[in-house]
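Observations on chain architecture
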Amino acid sequence: MKKFIIKTSVYILLILVMLEMLIRLFHLYTEDPPRIIDEYGVEKRKPDHNGYSVTGNRNQNFSEFNINKDGFNSYREYNPTENKIEVAIIGDSFIEGFHQDYNKSIGKKIEDSITEIEIYEYGYAGYDLANQLHLIKSYKEQFKLIDVIVIYLNYESDLSRSKYTPNTDRVAMLSSNLFKIRDNIKLLSFTSKIGVLDPVKAFITGKAFTEENEGGYKTNEVDQVEKKIKRDLKYLNNFISLVNLYGYDKDKTVMLLDSRKTSSNFLAYCDANNYNYIDFASTFENSKKPTTLIYDWHWNDHGRTLIAELLSNYLKRKLNQKINE
Amino acid sequence: MLFNSIEFLLFLPVIFVLYWFIFNKNVRIQNVLIVMASYVFYGWWDWRFLLLIFLSTIVDYFVGQKIYSHLNNKAKRKSWLYVSVAFNLILLGFFKYYNFFIDSFIDMFSLAGYEIKSIWTLKVILPVGISFYTFQTMSYTFDIYYKKLKPTKDFIAFMAFVSFFPQLVAGPIERASNLLLQITNNRTFKYEQATSGIKLILWGFFKKLVIADSLAPIVDDIFANYHTYPASTLILGVCLFSFQVYGDFSGYSDIAIGTAKLFGVELMSNFKFPNFSRNVAEYWQRWHISLSTWFRHYIYIPLGGSKVSKLKSLRNIWIIFLVSGFWHGANWTFVFWGGLHALFYTPVFLMGRNRLYSKSVIAQNSILPTPIEIIQILITFILVSFSRIFFRSPTLSASFDYIRRIYNNFSYEDYMHPMGYRMLDFYIVLIFFTIYEYLIRKDERNPFKFNSPYVRFFIYTIIIFSILLFYDDNVNRSFIYFQF
């Protein structure tokens, strides 16, 4: 028995070491650049980091990221001046773009199309409108010099709060020693990413015993409609509160949104109150090629090209307007 | 509790430690632990079904004693055997076949032009593994009836025999002469047996998680949308289902056999590389062996087996294949599947080739198989895979539709994985899996039989690495044979 336990333990240990080496060798793990909350309370990445983001068990999507001095994934540094034309694109993971090579981002595609402008991408996974408007207000000196601001608004997830509060707990947790260990042991980081550890986590946290049966209670249609009306009302109120709290330059700012997922009441409110928006719903709907990645829901290269074309056309019109003025 | 769940991952070491360190004073105490562990294991699904196992255990325990007490009175012995068979078949019949019979009855009348309202159909939940443990307990009374076994007086040992958790829900369906004897005898820890158990568990997990689970979404997609796919995809679906069901069921069996070894118990082999069978008869000597031998011992031989006229033997063969099909599920598709196998078996039997390969494997004395062997294997694989269209389809009409679509739409198109994964990855894994199984084809109990410890270590690492590479948390990880 003693021999069995010792030998099995040694084998397990050696196999774990081998797995760690194989995972490193094939770069199956994904890197998550450290997160910080700066002196303005803005949550972003720790500046000057680069690495690779990986999706799927078998490197199904592999892309390089580059965190610039401002703490955002971009091919360029941000130095706005009065004599240049700068455009800021602010958004969540779709704009942060860890699923693409940083030099093939939407911003780069726009710059390739309009050479005289500079695109500053302020993307960060999980940003909602509160984050975005708070960021603009916090970096007001920088944004004074920026000529156009594009806010990517994912209606379904970006309007759930009326005030920004920095998520210090999450940042502290991700900077904790436990998470540092996870990130340094690539086997752990990999198994965590592919979901092998989910049942263990569910077991430890007790979720495995408390999860509700999916086939159980379902709300009826009337409830769903009522719920949607309530939600839309809440979102609109949150939008108004956020705009009042952090300000919103209607001349400079435009929202990028998908009208298929956005409430018609919200769009009507925007139309009535001169909040500009670019709707990419029909562009995506008419696309003959898929616009999202296979392994997750983010835009693929084609999707990003379509978005870049839409934004380029908008910016060209805007620039022409400025020249005419 | 599923073998491939976190609960089992914790449950197994705990029971192992208790078994060898705390409950190791004598075999009776160890059996008490086995019973408790088995009831927890089974009750994890639904504790109410524990009552069924317990009832089945009590009935067969007492019937076994009664049969033995009338050993010299054939009529009484037989009547007590009927009690056991009737009880188990009623149990099985109610939980598994009740609705099937009612629906078939209604369908029959509606074909004759009479519409009957289905007021008798009940919402009966099929208890996991009922087909397995009822057959196992019946083997006990059969063996006593045929004077091959003395009944045990140790009720706890008998409970452990019926509910032994490694093989409770999906076999191998053990014979009392093998399992009960081990359960009543003292067991000592053997290093070789335990390591061999761990290796089988690892190999079983590979087959389940890498082969079966990674093919499941593809097979599900093809069978669910067969009317939209060309023949090439439908053929692919059938072939992949063959690998899926083999990986799933033989993977389970390996984990079961390996787990039993950790407790000092040797279960019978259930699979012996059926994909390398040279005819359908050999296939049935290699596929789900515990069930096919059960049918041979308790149905085919009592009916006269092959010692009667050729025509009667053939009748017996058809009976066991049809019953075997019906055992799998309450659906005409399974009966048809069994009938197809009887049909494939008939020419082999008539040519006297049904026992030809019973003691050899492909390329028995050479490294590579002969061209004839390769052709034989391919033909057998095609026949078996073809029959699985009926095994996998929800209805007979869907099965025929599937086949019709293959010849009506005989064209080729690249198949795209439903989740967008690269199909090449799966083909490569299947090729390596087949080659590896070929290398180990002579010993199904020892999948890592290589002299060099470095080679063995390399293979263990690759296997675990593959499990990680193909792990998919979106796949339903239940076992296919649990539904039977």
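1. What about the overall build of chain A?
Looking only at helices and strands, chain A features 15 helices and 9 strands. Overall size of chain A, expressed as C-alpha extent along the three principal axes, is 85 × 50 × 45 Å. Evaluated residue by residue, chain A yields a buried proportion of 30% over its 325 residues. Summarising the internal contacts of chain A: among those between residues at least 6 apart in sequence, 70% fall at separations of at least 24.

2. With respect to the pairing of strand β8 (residues 253–257) of chain A
On a regular strand, one side chain projects to one face of the sheet and the next to the other, so that they alternate. Residue and element names in this part refer to chain A. For β8, a buried count of 5 out of 5 residues is recorded, marking the element as mostly surrounded by other parts of the structure. Burial along β8 is two-sided: the residues Thr253, Met255 and Leu257 and Val254 and Leu256 are all buried. Pairing of strand β7 (residues 148–152) with β8 involves 4 bridges; the strand directions are parallel. Looking at the pairing, Tyr152 lines up with Leu256 of β8. By the bridge criterion, 3 bridges tie β8 to strand β9 (residues 277–279) in an arrangement that is parallel.

3. Brief notes about the domain arrangement of chain B
Residue and element names in this part refer to chain B. Here chain B is described as being made up of domain 1 (6–188) and domain 2 (192–278 + 357–483). Each of domain 1 and domain 2 has a C-alpha centre, and these two points are 29 Å apart. Across the boundary between the two partners, domain 1 contributes 15 residues, which contact 16 residues of domain 2. Residue assignment for the side of domain 1 that touches domain 2 shows that the elements contributing at least two residues are α1 (6–22) and α7 (176–184). With 3 residues, α1 is the single largest residue contributor to the side of domain 1 that touches domain 2. The residue inventory of the side of domain 1 that touches domain 2, partitioned by class, reads 8 nonpolar, 5 polar and 2 charged.

4. A word on the sheet that holds strand β5 (residues 85–91) of chain A
All names here are of chain A. Taken in spatial order, the 5 strands line up as β6-β5-β7-β8-β9 in an open sheet, and their pairing is parallel. The two strands at the open ends of the sheet, each matched to only one other strand, are β6 (117–123) and β9. Between one strand and the next, the sheet's axes are offset by a mean angle of 20°, whatever the strand orientation. Sheet topology note: the β5/β7 ladder contains 4 bridges and is parallel. Each bridged residue has a counterpart across the sheet, and for Ile90 the counterpart in β7 is Ile151.

5. Looking at unusual backbone geometry
A positive phi angle is found at Asn59(A), which is not glycine, with a value near 55°. Along the chain, the position of Asn59(A) falls in the loop between β3 (49–55) and β4 (61–67). Among the residues examined, Asn59(A) registers 14 C-beta atoms within 10 Å and is labelled partly exposed. Residues other than glycine seldom take positive phi values, yet Phe273(B) does so here, at roughly 50°. With respect to the helices and strands, Phe273(B) occurs in the loop between α9 (231–262) and α10 (280–286).

6. Concerning the environment of Thr283(A)
Residues and elements named next belong to chain A. Relative to the assigned elements, Thr283 resides in helix α14 (residues 281–285). Given 16 C-beta atoms within 10 Å, Thr283 falls into the partly exposed group. Once the C-alpha coordinates of Thr283 and Ile194 are considered, the two residues, 89 residues apart in sequence, prove to be 33 Å apart. Ignoring anything within four residues of it in the chain, the contact list for Thr283 reads Leu306 and Leu310.

7. Brief notes about the interface of chain B and chain A
Counting from both sides, the interface comprises 20 residues of chain B and, opposite them, 21 residues of chain A. Those elements that place two or more of their residues in the side of chain B that touches chain A are α1, α8 (191–224) and α17 (453–470) of chain B. When residues in the side of chain B that touches chain A are grouped by element, the largest group, 8 residues, is from α17(B).

8. Describing the packing of helix α2 (residues 27–43) of chain B against helix α6 (residues 155–163) of chain B
Residues and elements named next belong to chain B. Interhelical geometry of α2 versus α6 gives an angle of 40° and a closest axis separation of 9 Å. Here α2 is positioned oblique relative to α6, judged by the angle of their axes. Of the two possible hands of crossing, α2 and α6 adopt the one that is left-handed. Where α2 approaches α6, its residues Arg28, Asn31, Val32, Ile34, Val35, Ser38, Tyr39 and Tyr42 are matched on the opposing element by Ile156, Ala157, Met159, Ala160 and Ser163. When grouped by side-chain class, the residues that make up the contact of α2 with α6 number 9 nonpolar, 3 polar and 1 charged.

About the thresholds
Residues numbered from 1 in each chain as written. Chains lettered and ligands numbered in written order. Predicted model: local features only at pLDDT ≥ 70, side-chain atom pairs only at ≥ 80, totals over all residues. Helix = DSSP H or I, 4+ residues; strand = E, 2+ residues; numbered from the N terminus. Buried ≥ 20, exposed ≤ 12 C-beta atoms within 10 Å, placed from the backbone. Contact = placed C-beta atoms within 7 Å. Pairing = 2+ DSSP bridges. Domains from an automatic or database assignment. Nonpolar A, V, L, I, M, F, W, Y, C, P; charged D, E, K, R; others polar. Axes fitted to C-alpha atoms, helices over the stretch in contact; angles between N-to-C directions. Parallel < 35°, antiparallel > 145°, perpendicular 65-115°, else oblique. Left-handed = near helix turned anticlockwise from the far one by under 90°.

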